[in-house]
Amino acid sequence: MKRKHGTVVIGLGNPILGDDAVGLVIASELRKRMGRIVDIVELSAGGLTVAEAMLGYRKAIIVDALVEEGTVPGKILRLTFEDLKTTPKRFIGFHDIDLVTSVELIKAIDRESFPDEVVVFGITIQKPGCYQEGLSEEVKTAVPKCVEMIEEECGR
Amino acid sequence: MRKVVTIQPITRLEGHGKISIFLDDGGNVKDAYYQVVEFRGFERFCIGRPVEEMPIITPRICGVCPWAHHMASAKAVDAVYGAELPETAKKIREMAYNIFYVHDHSAVFYALSAPDFVVGPDAPRVERNILGLIGKVGLETGKKVINARMVATKLLEKLAGRAIIPTCAVPGGVSKPLTEEDRKEIEEGAKKLVEFGQFTLKILEDVVLKNQKYLDLIVGDVYKHETYYMGLVDEKGLVNYYEGKVRVVDPKGRIYAEFHPKDYLNYIGEHVEPWTYLKFPYLKGLGWKGIVDGEKSGAYRVGPLGRLNVANGFATPLAQEAYERFKETLGKPAHATLGYHWARVIEILNAAERALELSRDPDVTGKDFRVPLTNTPNEGVGIVEAPRGTLIHHYKTDQEGILTDVNLIVATTHNNAGICMSVKKASQQLIKGGNVSDGLLNMIEMAFRAYDPCLACGTHALPGQMPLDVCIYDADGKLVAEIKRP
């Protein structure tokens, strides 16, 4: 395992499931703006794959869509990894194990290579129901703001 | 009055689904169903697009097995253009696909299947996960799993640019040739994967097969169905994940049919039930007889167990040796549903061995890695064995190669009847007189988990709650109650 250094931003989503792609869109925007300073990873995966992608970095920032009933789309939430464990908002691992378990597993196995800090940015979306390209207007509006927030987070 | 017991959420399962178990007045199981909530409109999303885009689009359907869709799609596009691939292209594709198999099957075995056995089917729910597994077998095992996955990921990135959504296969071949330097690296990595495959088989033998209680569970009647089986075989009738003919065997193991992928519609029909989005494929020659097993029922099963049942064996020595032991214990065909786990572990070893074999084949560094598409496009079918079972992509286009029709049949759909049968049979035997404990419910979950059903759509949005509904139907199929998870 390599020694920990720098920050990785991991954008998650499915590019053909409408607003679910927002994490990828933000990651792509960040790559243009700060791709030389931080590593940007775009993944359409969950669980173990995401946890594995964090190895070797000092800090990991995850950005993903968040489905929360009763909340308007386009809201940005900054969560710590601890928040993911203690709130009902949690990643759903659709193949392997969910993210919280994956992170706990990877930490147990290789704590030295695992980031000291994991921050999650969630952008609220309506539950995706069918395949389509492009973001809704509400979610699109949140993109520049979230990009700025992550830029600031990278500087912390 | 009929009572309903619903297991939710379905732990360690792809995507979202639900199981409804209907009890009679005596508290015994009358019916049990497994249902899927899925995203729709994929076929519609594709129509009107150039068919060449499909190998890039279809892996987005599902983050679980992107490589399976990638390969089936590329093969279907090859067929649309009548392209005959050079050996180099075929072998690079097959090598990549076998590496993906190790990556995928190992996650399924260690994260989803093994906890039931290693931690124990009666263990509390909170311990029946991979952390509980590591607690039992030690941290070193966890390290081996993660290291093997990372080796596979690195090799896939070398072959495809990126491991998760691949760009390896292109219509008519592969996107780039393989350098000698990369080939050597793949060979070294594949050796490690073979060692990992042997290690995994040893874990299965030590922890599961040497435990008489678990072995009894596997070979017992609770999880047994005498169905037909389907899977791809090569020209020698051996297991092949990437290409071959589709073979179907009957419950006695006799070959019922063997056909070219393009002829699949002559053999497979799809039945629709009002209570689920997921169709029920069946063998047309036998017809749809309901969710039942036996020689007269058109229901069949696919996946690791299906492949081992249809094939004459494996082309690689270590997997073949393991397969002999599998046959001795479970018979052939093996009807034990929990045999899926065992078959999956043998396939990890086989896929690693095959990847190593191909990495040493001089053809993989050949320069002839792609042919131009010169024929007028029309219609094509591509079939591969996804880790979960037979995957069919069927495209029709106009003369410009614009898609006019798309049909996909995925592994979990083929297994739909089998999964429902297993859930019902397990629950009938394990719930008596309304007596239901967590351990019993887990044993019911084990029935469908063996199939590793994939209900995924490729999304992993952070939901505020698990989107699970409970629907209760009366004897006439009328919805009488709907309960949403709070």
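Once a new chain begins, its residue numbering starts again from 1 and follows that chain's sequence as written. Chain letters and ligand numbers both follow the written order, the letters beginning at A and the numbers at 1. In view of the model being predicted, local features appear only for residues whose pLDDT reaches at least 70, and side-chain atom pairs are presented and counted only at 80 or more, with totals across whole chains, interfaces and linings using the full set of residues.

Asker: Explain the overall build of chain A here, please?
Answerer: Working definition: helices are DSSP H or I runs of at least four residues, strands are E runs of at least two. Numbering for both runs from the N terminus. The helix and strand tally for chain A stands at 5 helices and 5 strands. Order of helices (α) and strands (β) in chain A, N terminus to C terminus: β-α-β-α-β-β-α-α-β-α. Note on burial: count the other C-beta atoms lying within 10 Å of the residue's C-beta; 20 or more is buried, 12 or fewer is exposed, in between is partly exposed, and C-beta positions come from the backbone. Scored against the burial criterion, the 156 residues of chain A give a buried share of 54%. For the purpose of contact definition, each residue receives a C-beta atom placed from its backbone, and two residues are in contact when these atoms lie within 7 Å. For chain A, the share of sequence-separated contacts (at least 6 apart) that also reach a separation of at least 24 residues comes to 79%.

Asker: Help me understand the overall build of chain B in this model?
Answerer: Scanning chain B from terminus to terminus reveals 14 helices and 17 strands. Looking at the 486 residues of chain B, the share that counts as buried comes to 56%. Within chain B, contacts between residues separated by at least 24 positions form 70% of all contacts whose residues are at least 6 apart in sequence.

Asker: When you look at the sheet that holds strand β6 (residues 228–233) of chain B in this model, what are you seeing that I'm missing?
Answerer: Across a sheet, strands are paired by hydrogen bonds formed along the backbone, either parallel or antiparallel in direction. Residues and elements named next belong to chain B. A pair of strands counts as paired when DSSP detects no fewer than two bridges linking them. The strand order across the open sheet formed by 4 strands is β8-β7-β6-β11, and the pairing between neighbours is mixed. Strands at the two margins of the open sheet, each flanked by one partner only, are β8 (255–259) and β11 (300–301). Direction of pairing for β6 relative to β11: parallel, over a ladder of 2 bridges. Across the sheet, residue Tyr229 finds its bridge partner in β11, namely Arg301.

Asker: Sorry, what's going on with the packing of helix α4 (residues 99–110) of chain A against helix α5 (residues 130–137) of chain B here?
Answerer: Axis angle and axis distance: for two packed helices, these are the angle between their axes and the distance between the axes, and together they describe the pair. Running from N to C, α4 of chain A and α5 of chain B point in directions that differ by 25 degrees, and their axes come no closer than 9 Å. Put simply, α4 of chain A runs roughly parallel to α5 of chain B. Residues Thr101, Glu104, Leu105 and Ala108 of chain A of α4 of chain A pack against Ile130, Leu131 and Ile134 of chain B of α5 of chain B. Only the stretch in contact is used when a helix axis is fitted, and all axes are lines through C-alpha atoms; the angle between N-to-C directions ranges over 0 to 180 degrees. By the definition adopted for this analysis, an angle is roughly parallel if under 35 degrees, roughly antiparallel if over 145, roughly perpendicular if from 65 to 115, and oblique otherwise.

Asker: How do you make sense of helix α13 (residues 416–430) of chain B when you look at a structure like this?
Answerer: Owing to its 3.6 residues per turn, the α-helix brings residues three or four apart onto one side. When the terminal C-alpha atoms of α13 of chain B are compared, their 21 Å separation across 15 residues agrees well with the 21 Å that a helix rising 1.5 Å per residue should span. Of all 15 residues in α13 of chain B, 13 are buried; the element is thus mostly enclosed. Each residue after the first adds 1.5 Å to the expected span of a helix.

Asker: Honestly, the sheet that holds strand β14 (residues 403–409) of chain B in this entry has me stumped. Any pointers?
Answerer: All names here are of chain B. Strand order in the open sheet formed by 3 strands is β12-β13-β14, and the pairing between neighbours is antiparallel. Each having just a single partner strand, β12 (379–386) and β14 make up the two edges of the open sheet. Across the sheet, the mean angle separating the axes of adjacent strands is 10 degrees when strand polarity is ignored. Two elements, β12 and strand β13 (residues 389–397), share 8 bridges in a ladder whose sense is antiparallel. Bridge pairing links Val381 to His394 in β13.

Asker: Explain helix α5 (residues 137–155) of chain A to me, please; I cannot follow it from the model alone.
Answerer: All names here are of chain A. Given a rise of 1.5 Å per residue, 19 residues ought to cover 27 Å, and the 29 Å separating the end C-alpha atoms of α5 matches this to within 8%. At Pro144, α5 shows its strongest bend, of approximately 30 degrees. Of all the residues in α5, the buried ones are Val139, Ala142, Cys146, Val147 and Ile150. For α5, the elements touching its buried residues are β1 (7–12), α1 (22–34), β3 (59–67), β4 (76–80) and β5 (117–125). Two axes enter the definition of the bend at a residue: one is fitted to the seven residues ending there, the other to the seven starting there, and the bend is the angle between them.

Asker: Even after reading the chapter, I still don't get the environment of Tyr110 of chain B, so can you show me in this structure?
Answerer: All names here are of chain B. Looking at the secondary structure, you find Tyr110 in helix α4 (residues 87–118). The class of Tyr110 is buried, set by 28 C-beta atoms lying within 10 Å. Taking C-alpha positions, Tyr110 is 9.0 Å from Thr200, a pair spaced 90 residues apart along the chain. When near neighbours in sequence (up to four residues on either side) are disregarded, Tyr110 contacts Ile130, Leu133 and Val145.

Asker: It is not clear to me how the nonpolar core should be interpreted in this structure. Could you clarify?
Answerer: Note on soluble globular proteins: their nonpolar side chains tend to be buried together. Connectivity within a nonpolar core runs through C-beta atoms within 7 Å, and the core itself is a set of buried Ala, Val, Leu, Ile, Met, Phe, Trp, Tyr and Cys residues. Ranked by size, the top nonpolar core spans 198 residues in total, and within it Val9 of chain A together with Ala96, Leu193, Ala352 and Val423 of chain B carry the most contacts. Counting residues per element, this core draws most heavily on α4 of chain B, which supplies 18 residues. Ignoring anything within four residues of it in the chain, the contact list for Val423 of chain B reads Ile19, Ala32, Tyr34, Ile444, Ala447 and Phe448 of chain B.

Asker: Teacher, can you tell me more about the packing of α4 of chain B against α5 of chain B here?
Answerer: Residues and elements named next belong to chain B. Put simply, α4 and α5 touch, their axes get as near as 8 Å, and they point 55 degrees apart. One finds that α4 runs oblique with respect to α5. Judged by the twist between their axes, the crossing of α4 over α5 is left-handed. Of the residues in α5, those in contact with Tyr110, Ala111, Ala114, Pro115 and Val118 of α4 are Ile130, Gly132, Leu133, Lys136 and Val137. Only Asp, Glu, Lys and Arg are considered charged, only Ala, Val, Leu, Ile, Met, Phe, Trp, Tyr, Cys and Pro nonpolar, and every remaining residue, Gly among them, polar. Counted by class, the contact of α4 with α5 contains 8 nonpolar, 1 polar and 1 charged residues. Helix crossings are classified by the rotation of the near helix relative to the far one: an anticlockwise turn of less than a right angle makes the crossing left-handed, while a clockwise turn makes it right-handed.

Asker: Would you mind going over the pairing of β14 of chain B with me for this structure?
Answerer: Within a regular strand, side chains alternate between the sheet's two faces. All names here are of chain B. Direction of pairing for β13 relative to β14: antiparallel, over a ladder of 6 bridges. Opposite His393, over in β14, you have Leu408 as the bridge partner. Hairpin connection from β13 to β14: 5 residues lie between these consecutive antiparallel strands, with Gly401 at a positive phi of about 85 degrees.

Asker: Any chance you could explain the environment of Met95 of chain B here in plain terms?
Answerer: Residues and elements named next belong to chain B. Relative to the assigned elements, Met95 resides in helix α4. Counting along the chain gives 262 residues from Met95 to Glu357, while the straight-line C-alpha distance between them is 8.6 Å. Residues in contact with Met95, not counting those within four places in the same chain, are Ala355, Leu358, Ser359 and Val364.

Asker: Explanation requested: the environment of Pro377 of chain B in the structure shown.
Answerer: Residues and elements named next belong to chain B. Its location among the elements puts Pro377 in the loop between α11 (339–359) and β12. Residue Pro377 is classed as buried on the basis of its C-beta count, with 24 C-beta atoms lying within 10 Å. The spacing of Pro377 and Ala83 is 294 residues in sequence and 9.9 Å in space, taken between C-alpha atoms. Leave out the neighbours within four places in its chain, and Pro377 touches Val51, Val80, Tyr81, Thr397, Gln399 and Gly401.

So yeah, pure geometry; function would need other evidence.
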